[in-house]
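# Fold and contact review
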Amino acid sequence: MPRQILFVAVSVILIALATRAVEAQTSSHRKASVSTSTRLPSAAFAALETIDPERIRAHVRFLSHDLLEGRGTGQRGGDIAAEYIATQFALYGLKPAGDSGTYMQKVPLVGVTTLPDTTYSVVPQHGDAMNLKFLDDWVGFDETQQTSSDINADIVFVGYGIEAPEYKWDDYKDTDVKGKVLLMLVNEPPSDDPTFFKGKALTFYGRWVYKYLEAARKGAVGVMLVHKTEMASYGWDVVRNSNSGEKSFLKAEGQPKLKVQSWIQLSVAQKLAQASGMDLDKMMADARSTNFHPVALPLKLHAHIASKVRPFESNNVIATLSGSDKNLKSQAVIYTAHYDHLGVRPDMPGDNIYNGADDNATGCAILLELARAYGQSAQEPRRSIIFASVTAEEQGLLGSEYLGQHPPIPAGSITLDLNYDDVKPLGAPQEVEVSGAERTTFYPNVQAMAKDFRLTIRPDARPEAGHYYRSDHFSLARVGIPAFSINEGMKFKGHDEAWGLEQDREYTAKHYHQPSDEYHPEMDFTADAAMARFGFALGWEAASMQKMVGWQKNDEFAPAREKSQAGAP
Ligand SMILES: [Zn+2]
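The model shown is predicted, which means the values in this text are computed figures rather than measured ones. (Residues numbered from 1 in each chain as written. Predicted model: local features only at pLDDT ≥ 70, side-chain atom pairs only at ≥ 80, totals over all residues. Heavy atoms only, no water.)

## Concerning the overall build of the chain
In terms of helices and strands, the chain carries 16 helices and 19 strands. Against the globule reference of 25 Å for 569 residues, the chain gives a C-alpha radius of gyration of 25 Å, in line with a compact fold. Here the C-alpha coordinates of the chain stretch approximately 80 × 60 × 50 Å along the principal axes. Each of the 569 residues in the chain was classed as buried or not, and the buried ones make up 55%. Intrachain contacts of the chain at a sequence separation of at least 6 include 83% that bridge at least 24 residues. Surface exposure of the chain reaches about 23,900 Å², of which carbon and sulfur atoms provide 52%. (Helix = DSSP H or I, 4+ residues; strand = E, 2+ residues; numbered from the N terminus. Rg over C-alpha atoms; globule rule 2.2 N^0.38 Å. Buried < 20%, exposed > 50% of the residue type's maximum accessible area, 1.4 Å probe, protein only. Contact = heavy atoms within 4.5 Å. Areas by Shrake-Rupley, 256 points an atom, 1.4 Å probe, with all protein chains shown as cover.)

## Considering the nonpolar core
In this structure, Tyr120, Met224, Ile264 and Leu301 are the most contacted members of the largest nonpolar core, which totals 83 residues. Top element by residues in this core is strand 13 (residues 295-321). It accounts for six residues. Filtering out sequence-adjacent residues up to four positions away, Ile264 remains in contact with Tyr120, Asp137, Trp138, Leu183, Met224, Leu225, Val226, His227, Trp236, Ala269 and Leu272. (Core = buried A, V, L, I, M, F, W, Y, C linked by side-chain atoms within 4.5 Å.)

## As for the confidence of the model for the chain
When pLDDT is low, close inspection of the predicted coordinates is not appropriate. Taken as a whole, the chain shows an average pLDDT of 91; of its residues, 93% reach a score of 70 or greater. The model gives residues 1-9 a pLDDT under 50, and that stretch makes six contacts with residues more than four places away or in other chains. Within the model, pLDDT remains below 50 along residues 21-38, and this stretch shows 15 contacts once partners closer than five positions in the same chain are excluded. (pLDDT = per-residue confidence, 0-100.)

## Focus: the coordination of the zinc ion
Coordination of the zinc ion by the protein is provided by His338 (NE2), Asp359 (OD), Asp421 (OD) and Asp421 (OD), with metal-donor distances spanning 2.0 to 2.6 Å. For the zinc ion, the four donor atoms in the first shell make angles of 53 to 150° at the metal, a pattern classed as irregular. Sequence positions of the donors to the zinc ion reduce to the motif H-x20-D-x61-D. Taken together, the residues span a long stretch of sequence, with His338 in strand 14 (residues 332-338) and Asp421 in the loop between strand 16 (414-419) and strand 17 (431-432) at a distance of 83 residues. The class for His338 is buried, based on a relative accessible area of 0%. (Donors = N, O, S within 2.8 Å, 3.2 Å for Na, K, Ca; no water. Tetrahedral: all angles 85-135°; square planar, octahedral: opposite > 155°, others 65-115°.)

## Thoughts on helix 10 (residues 357-375)
Counted at 1.5 Å a residue, the expected span for helix 10 with its 19 residues is 27 Å, and the 25 Å between its end C-alpha atoms agrees. Across the 19 residues that make up helix 10, a large majority, 18, are buried. (Expected span 1.5 Å × (residues − 1).)

## Some points on the pattern of salt bridges
Per the counting criterion, the structure on display carries 21 salt bridges. With its nearest N and O atoms 2.8 Å apart, the salt bridge here joins Arg57 to Glu54. Note that Arg57 and Glu54 are positioned in helix 3 (residues 53-63) at a spacing of three residues, about one turn of the helix. Judged by relative accessible area, Glu54 falls into the partly exposed class, the value being 40%. A salt bridge links Lys106 to Glu313; the shortest N-O distance between them is 3.9 Å. Highlighted residues: Lys106 in strand 2 (residues 104-114) and Glu313 in strand 13, separated in sequence by 207 residues. On the accessibility criterion, Glu313 (44% relative accessible area) is partly exposed. One network of salt bridges, in which partners are shared, links Glu163, Glu214, Arg217 and Lys218. (Salt bridge = Lys/Arg side-chain N within 4 Å of Asp/Glu carboxyl O.)

## Comments concerning the packing of aromatic side chains
Under the criterion given, the structure shown has 34 aromatic pairs. Where Phe204 meets Tyr210, the ring centres are 5.8 Å apart and the plane angle is 70°; that geometry is what we call edge-to-face. Accessibility expressed as a relative area gives 10% for Phe204, which makes it buried. Among the residues examined, Tyr210 registers a relative accessible area of 6% and is labelled buried. Through successive ring pairs, a cluster of aromatic residues spans Tyr167, Trp169, Phe196, Phe197, Phe204, Tyr205, Tyr210, Tyr468, Tyr469, Phe474, Trp551 and Phe557. The residue whose ring lies beneath Lys424 is Tyr507, and the NZ or CZ to ring-centre distance is 4.3 Å. One cation-aromatic arrangement involves Arg439 over Tyr468; the distance from NZ or CZ to the ring centre is 5.0 Å. (Phe/Tyr/Trp six-rings, centres within 6.5 Å; stacked < 30°, edge-to-face > 60°. Lys NZ or Arg CZ within 6 Å of the ring centre and 35° of its normal.)

## Focus on the side chain of Arg439
Here Arg439 is to be found in the loop between strand 17 and helix 12 (443-452). Classification of Arg439 by relative accessible area gives buried; the value is 9%. Ignoring anything within four residues of it in the chain, the contact list for Arg439 reads Lys198, Tyr468, Tyr469, Trp551, Gln552, Asp555, Glu556 and Phe557.

## Quick look at the packing of helix 3 against helix 10
As a packed pair, helix 3 and helix 10 sit with axes 8 Å apart at the nearest point and diverge in direction by 135°. Overall, the two elements helix 3 and helix 10 adopt an arrangement that is oblique. Handedness of the crossing formed by helix 3 with helix 10: right-handed. Side by side, helix 3 and helix 10 meet where Arg55, Ile56, His59, Val60 and Leu63 of the first sit next to Ala357, Ala361, Thr362, Cys364, Ala365, Ile366, Leu368, Glu369 and Arg372 of the second. (Axes fitted to C-alpha atoms, helices over the stretch in contact; angles between N-to-C directions. Parallel < 35°, antiparallel > 145°, perpendicular 65-115°, else oblique. Left-handed = near helix turned anticlockwise from the far one by under 90°.)

## Considering empty space enclosed by the protein
Summed over the entire model, instances satisfying the criterion amount to two cavities of 30 Å³ or more. A volume near 30 Å³ is recorded for the second largest cavity. If you trace the second largest cavity, you find it lined by Lys424, Leu426, Glu488, Gly489, Met490, Phe492, Gly500, Gln503 and Asp504. Classifying every residue of the lining of the second largest cavity by side-chain character gives three nonpolar, three polar and three charged. (1 Å grid on protein atoms, 1.4 Å probe; cavity = no way out; pocket = protein on both sides within 12 Å on 5 of 7 lines; lining within 4 Å. Points joined across faces, edges and corners; volume = space filled by probe spheres on them. Nonpolar A, V, L, I, M, F, W, Y, C, P; charged D, E, K, R; others polar.)

## Some words on the pairing of strand 14
A large share of strand 14 lies buried, amounting to seven of its seven residues. With burial as the criterion, each face of strand 14 is covered, one bearing Ala332, Ile334, Thr336 and His338 and the other bearing Val333, Tyr335 and Ala337. Since strand 14 and strand 15 (residues 384-390) lie parallel, the crossover through helix 10 that links them has a hand, and here it is right-handed. Judged from the five bridges that link them, strand 14 and strand 16 form a sheet pairing that is parallel. Within strand 16, the position partnered with Thr336 by the bridge is Asn419. (Right-handed = clockwise from strand over helix to strand, strands pointing away. Pairing = 2+ DSSP bridges.)

## As for the environment of Tyr103
Looking at the element boundaries, Tyr103 is found in the loop between strand 1 (95-96) and strand 2. For Tyr103, a relative accessible area of 14% gives the class buried. Residues Tyr103 and Ala388, spaced 285 residues apart in sequence, show a C-alpha to C-alpha distance of 9.3 Å. With residues up to four places along the chain from it excluded, the contact list for Tyr103 reads Ala86, Phe89, Ala90, Leu94, Lys95, Pro96, Gly98, Asn316, Val317, Ile318 and Ala319. A polar contact of 2.6 Å, which involves the side chain of Tyr103, links it to the backbone oxygen of Leu94. (Polar contact = N/O pair within 3.5 Å; in protein donor to acceptor, adjacent residues only side chain to side chain.)

Pasting the structure below:
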């Protein structure tokens, strides 16, 4: 976009914001209790105005350069990206907020590969043992991070494996599952009622991450998840591909872990039911009732899990800007964006570098522009601002999970997380996606701000796919921090919606997680700058308003928030 037009566009936004601020001020005279709108001071406008699409381009170009070798986690290219980001933070005058006075927060990781001499058999009380074939019949990993684990345990069917007090749902019913292997279904009880497991939308309870965690917490030694394509919303191929080869885990820190977290094919589950004199369809139907009770099956899992265990490390890069208010500066808004991508695939002929330009050099570049704009602002917001570029997102949100467990200030003091992941450089956006924002008390502010920025909020087209649980903001939500990602929607100036949808479809089909997700000079970073400015204004507002952001009542993350804020001032 030519400079003049950019200036005009920015001015329009600034006038809108200024008008709104004035309105907010007058209305607060009328109604002193209204505290949702906070005036953005002129210094904030000035800082926001400096956010520059060409600076974002420069960061994206460098971070997705072949020399960075796809920014693999724990690899040289990933480490160079981290150093680059830390260097920028230093140049912007931001304080280090990593380990012992540095910008780096070390994230200890472990790569686990299930080895061919692993055995996995189901032994019925009567009849022959079923020796299941790795990859064809089952896939799985030893979470304990040992090179060898043996299992000889009874199998118990626990329905969906969910205990959700807010929906009055408990598949376990206090059954002692210590030392057992739990057979369970993916997803959650089907519902059209928005107050019951959020209707069609997927909640965290439906995700396998939750199911493994809860089973381990209850002392189970293993989990067998029944894969059914319609329920999982992805085929066995996807399960197999993401569970063959090495899988990364955060290094265990003493939490209970499963000797085997595994998926089994639907046909295998049918055989297990048969061998128990039961019918899988009937078992699945029973699991949909609140009266469901765990069923001890006349089966044992007899397994020897052999693994290659490779410890390695990577870093989150964290900086902070101190707030201006002596009472509020101990609290903060956090901005996050992952810098890692998939590295290089040495066995692949031709271009084997996963540059990750869109995913997620764009998010990092936005984070850096935000850091610069805040760092160089003539005035600070009342609360502090934390900038965290996290690692190992592509390994399963591991860097952000570690950040959530080891935040630079207590999680209960972080008012809001705004995350950026894959903001496509497609021109001037007319929409914004903020899925999850509606679950927070900050949503009215987000709506008002979107209006000021002339952005229409685009709702999540497929809440049942559970995208909310697949990006780094989720790691912070898990520890109670209100969190969501900011994306650019589908409508761009000069194009209809069909064009935007087509760009999205083509990216997903041809470039997503492919070496062709590369930087091109014709990319138009107007969208990224617009999303950065929008996030800047939101972050400033959240950092300045009197009350901290929370979750809506009965949200699944509200209990975690309460826990993290218990006893806080
Ligand atoms: Zn990403």
